[in-house]
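Breakdown of the fold
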Amino acid sequence: MSLITLTTDFGTKDHFVGAVKGAIYSELNDAKIVDISHHISPFHITETAYILKNAYQNFPKGSIHIIGVDSELSIENKHIALLLDEHYFICPDNGIISMIASEIKPEKIVEVTIHKNIISSFNVLDVFVKVACHIARGGTLDVIGKEIPEYKQLTEVHPHINDEKNKIIGSVIYIDNYGNVISNISKKLFQEIGKGRTFKVIARSNTYTSIFQKYNEIVNYSTPIENRQVDGKSLALFNSANYLEIAIYKSNLKTVGGASTLLGLDYRDTVTVRFN
Amino acid sequence: MSLITLTTDFGTKDHFVGAVKGAIYSELNDAKIVDISHHISPFHITETAYILKNAYQNFPKGSIHIIGVDSELSIENKHIALLLDEHYFICPDNGIISMIASEIKPEKIVEVTIHKNIISSFNVLDVFVKVACHIARGGTLDVIGKEIPEYKQLTEVHPHINDEKNKIIGSVIYIDNYGNVISNISKKLFQEIGKGRTFKVIARSNTYTSIFQKYNEIVNYSTPIENRQVDGKSLALFNSANYLEIAIYKSNLKTVGGASTLLGLDYRDTVTVRFN
Amino acid sequence: MSLITLTTDFGTKDHFVGAVKGAIYSELNDAKIVDISHHISPFHITETAYILKNAYQNFPKGSIHIIGVDSELSIENKHIALLLDEHYFICPDNGIISMIASEIKPEKIVEVTIHKNIISSFNVLDVFVKVACHIARGGTLDVIGKEIPEYKQLTEVHPHINDEKNKIIGSVIYIDNYGNVISNISKKLFQEIGKGRTFKVIARSNTYTSIFQKYNEIVNYSTPIENRQVDGKSLALFNSANYLEIAIYKSNLKTVGGASTLLGLDYRDTVTVRFN
């Protein structure tokens, strides 16, 4: 039995998520449904792209991922289903899969065509559930849509590299639960462009000359604990998703604040790496 | 194996939800438990009624729905179990099932009597779990309670119709994740009273002369995208639950605001439809 | 198949929880995963201890509990796995299990040693999942770590008793979804020290001379409902977890407020019981 995941901006108060799960269980009694996130900022495609990229790859091959963010059907917002990296994705064609698909080419993309006569404001329930159950039962993509060659690209997930190739100009694409600020600069790109050169990371008025792999690399454990004063210090690291992140050690958005609030870094702000 | 759903005001930080799930799994090893919502506003019966009505009907027949909102037992707040529309509901008798039961008559209602000697402030754990597991194992309602003819009615879920039958005076019963404002005026009632006449929807200082079926019906796709200025516009539609909703196109409560904040519409505010 | 629970401070917006679940399902196709909480305040060990104690005991014996709060490995923050009360716990050695282990002695504690070469900022994914799946498959603790005699104690979960044994000086360890304020004074300790004497509970400027078992014991049901004025009244009770709690009847943090906001009681504030 295939596993079906849900990534939406529905929140968890309303009936939307429950309704979708009920509908899946009504079609597939033994379905296994996993929530990835329902707290995407409403209509936020970049957030979705980041969350999805970092979650999906941990699931078993053959998993089916339903993405319900800005998914109302229109002539400009088609519904697509893809096979990519041996996972299935069902989503609007609004760029949501750009971060995954920029690294791994989709094997097959179809425009979903099963809803010719449905007028609905809840397409995840009316359309995506049907597509997911079809695939879970072993159905092919051809039955539920017609093949298309391309998906919509989301440009802001890709940083800019200057002509001299000594500067990566990225931007903030995500702020996490701890207020840590995540840029679109991947470790892979950093290494390709940097080629081992020394560097400076610049985010607003903050600069960093080293990039950690763990948050607690900032701690000097040989200093007695009472003299450390490390909580609340800012650092740059490649996070577990391998993106360059500006973090505050042991931050808490609700009390002391996080990198986003303390350093004044917001979604779309510039993060630059300069190589020497 | 029956499916058990949970609808509560417990929130998801505390141990309450985990404790309830653990207790169910301890009794029924192969239970399938689905969260409908744990973010009902504390003690909010109308919100619960709305969420429950729109979620339950998507689940398979025979599902068991536990509702833990204002469920502490007292002589004025009995516990009941119902069979209704081939679904089971376990809840306090405080009006929570009014929106469902006003359309579909319960087949059977029992007052739960298994807890004669339990003094507890966590009745969902101590009582509702036992009732749910009893039903899931195929037990009958008669064993866990005595039949009663009536459940408590919640009046505010029903709009008022004037004597001339040219006006429906409803009220706001729910505000969703996007800040959209949902009234207690159903599409069915609107059509019954309206009989095809032209109309005006009035909510505070806002009036609408058409009611959409989809949010993006407000968009004129023949206008070039840069000239549309449709984000943030307000509209009336029958939402996916078939209730009259005042919405803001692509709203976000945390940034630009939603219908509730932008139009100043709150729970219990009046929404009127006037027919010509 | 063992049941695996998750208690973390990850929040439910980011990809962290989804990633962990995906990784478990990739190793154990038929795993049963249950969320206890993902909304622990970041790095908050006392909150975790309280939630965990009250949730775990409802789960079937043999369940495996993953705890991801302040879990980044360092020379001062080891990873441990325990067998305690026939449940398995996988967590950092930072005091998180103090509330459970203070009442029930662990049968076995091992320091996890499978991650000698892992440099990672997401140890729940990289380490705890592997340990949990190992145990779920029937593996022993000895294979994944070396036995240690002790776990780190968290002192603030234990109240102080004066020499005359007529006073319990406790503190607030948790504030729940309703704003109710929970102290570290257990019913068991209260009875042991009190020995049936009359008493006064003091929390800031509020005193209580009785402790209820249910919230609605504060209601006098013989008074007509319109004359009761009981909503918003404060009371002391032993909550369903058997800890002394200061509550507001039918509170709501977002509207009228809860005990925490109305009585000015915060985490770590003193709650005292004086016996006569």
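Residues numbered from 1 in each chain as written. Chains lettered and ligands numbered in written order. Predicted model: local features only at pLDDT ≥ 70, side-chain atom pairs only at ≥ 80, totals over all residues. Heavy atoms only, no water.

To continue, consider the interface of chain C and chain A. At the junction of the two partners, chain C supplies 32 residues and chain A supplies 38 residues. Here chain C and chain A share 3 salt bridges between them. Put simply, Arg228 of chain A and Glu76 of chain C hold a salt bridge, and the shortest N to O gap is 2.4 Å. Inspection of the region where chain C meets chain A yields 19 residue pairs in polar contact (both at pLDDT 80 or more). By residue number, the principal contributor to the side of chain C that touches chain A is helix α1 (residues 16-27) of chain C, which donates 8 residues. Of the residues assigned to the side of chain C that touches chain A, the class counts are 13 nonpolar, 11 polar and 8 charged. (Contact = heavy atoms within 4.5 Å. Salt bridge = Lys/Arg side-chain N within 4 Å of Asp/Glu carboxyl O. Polar contact = N/O pair within 3.5 Å; in protein donor to acceptor, adjacent residues only side chain to side chain. Helix = DSSP H or I, 4+ residues; strand = E, 2+ residues; numbered from the N terminus. Nonpolar A, V, L, I, M, F, W, Y, C, P; charged D, E, K, R; others polar.)

This next bit is on the sheet that holds strand β2 (residues 32-37) of chain A. Residues and elements named next belong to chain A. Spatial ordering of the open sheet is given by β2-β1-β3-β5-β4-β6-β7, a layout of 7 strands whose pairing is mixed. Every interior strand has two partners, whereas the edge strands, β2 and β7 (145-147), have only one. Neighbouring strand axes in the sheet, compared pairwise and without regard to direction, differ in orientation by 25° on average. One ladder, built from 3 bridges, connects strand β6 (residues 108-112) with β7; its direction is antiparallel. Among the inter-strand pairings, Glu111 is bridged to a residue of β7, identified as Lys146. (Pairing = 2+ DSSP bridges. Axes fitted to C-alpha atoms, helices over the stretch in contact; angles between N-to-C directions.)

So, about the relation of the copies chain C and chain A. Superposition of chain C onto chain A requires a rotation of 120° combined with a translation of 0.0 Å along the rotation axis, giving an RMSD of 0.0 Å. A rotation of that kind, with that shift, is consistent with a three-fold axis. The residues that chain C uses at the interface reappear at the interface of chain A in only 3% of cases, marking distinct surfaces. (Least-squares fit on C-alpha atoms with pLDDT ≥ 70 in both.)

So, on to the confidence of the model for chain A. Scored by pLDDT, chain A has a mean of 94; 99% of the residues are at 70 or more. On the interface metric, ipTM, the complex scores 0.95, and its pTM is 0.95. (pLDDT = per-residue confidence, 0-100.)

Where the residue is not glycine, phi is negative for most of them; where a peptide bond is considered, it is trans in most cases. Residues and elements named next belong to chain C. Within the chain, Lys195 stands out as a residue other than glycine whose phi angle is a positive 50°. Looking at where Lys195 falls in the secondary structure, it is placed in the loop between α6 (187-194) and β11 (199-203). We classify Lys195 as exposed; its relative accessible area is 69%. One non-glycine residue with positive phi stands out, namely Arg268, at about 80°. Its location among the elements puts Arg268 in the loop between α7 (259-262) and β15 (270-275). Residue class for Arg268 comes out exposed when judged on its relative accessible area of 54%. (Buried < 20%, exposed > 50% of the residue type's maximum accessible area, 1.4 Å probe, protein only.)

Using the criterion set out here, one finds 30 aromatic pairs over all chains in the structure. For the pair Phe16 of chain A and Phe122 of chain A, a centre-to-centre distance of 5.4 Å together with 80° between the ring planes defines the contact as edge-to-face. Of the two residues, Phe16 of chain A is situated in helix α1 (residues 16-27) and Phe122 of chain A in the loop between β6 and α4 (123-136); the sequence distance between them amounts to 106 residues. Classification of Phe16 of chain A by relative accessible area gives buried; the value is 12%. Ring geometry for Tyr178 of chain A versus Phe43 of chain C: centroids 5.9 Å apart, planes at 50°, classification tilted. (Phe/Tyr/Trp six-rings, centres within 6.5 Å; stacked < 30°, edge-to-face > 60°.)

So, about the domain arrangement of chain A. All names here are of chain A. Here chain A is partitioned into domain 1 (3-155) and domain 2 (159-275). Measuring from the centre of the C-alpha atoms in domain 1 to the corresponding centre in domain 2 gives 31 Å. Listed by partner, the interface residues are 9 residues for domain 1 and 7 residues for domain 2. Where domain 1 abuts domain 2, roughly 740 Å² becomes buried across the two surfaces, and 65% of that area is made up of carbon and sulfur atoms. Of all residues in domain 1, His44, Thr46 and Tyr50 bury the most surface against domain 2, accounting for 57% of the area lost on that side. Summed over the shared surface of domain 1 and domain 2, the result is 0 salt bridges. Summed over the shared surface of domain 1 and domain 2, the number is 2 residue pairs in polar contact (both at pLDDT 80 or more). Broken down by element, the residue count for the side of domain 1 that touches domain 2 peaks at 6 residues, all from helix α2 (residues 45-56). Considering only residue class, the side of domain 1 that touches domain 2 consists of 3 nonpolar, 3 polar and 3 charged. (Domains from an automatic or database assignment. Buried area = accessible area lost by both parts, 1.4 Å probe.)

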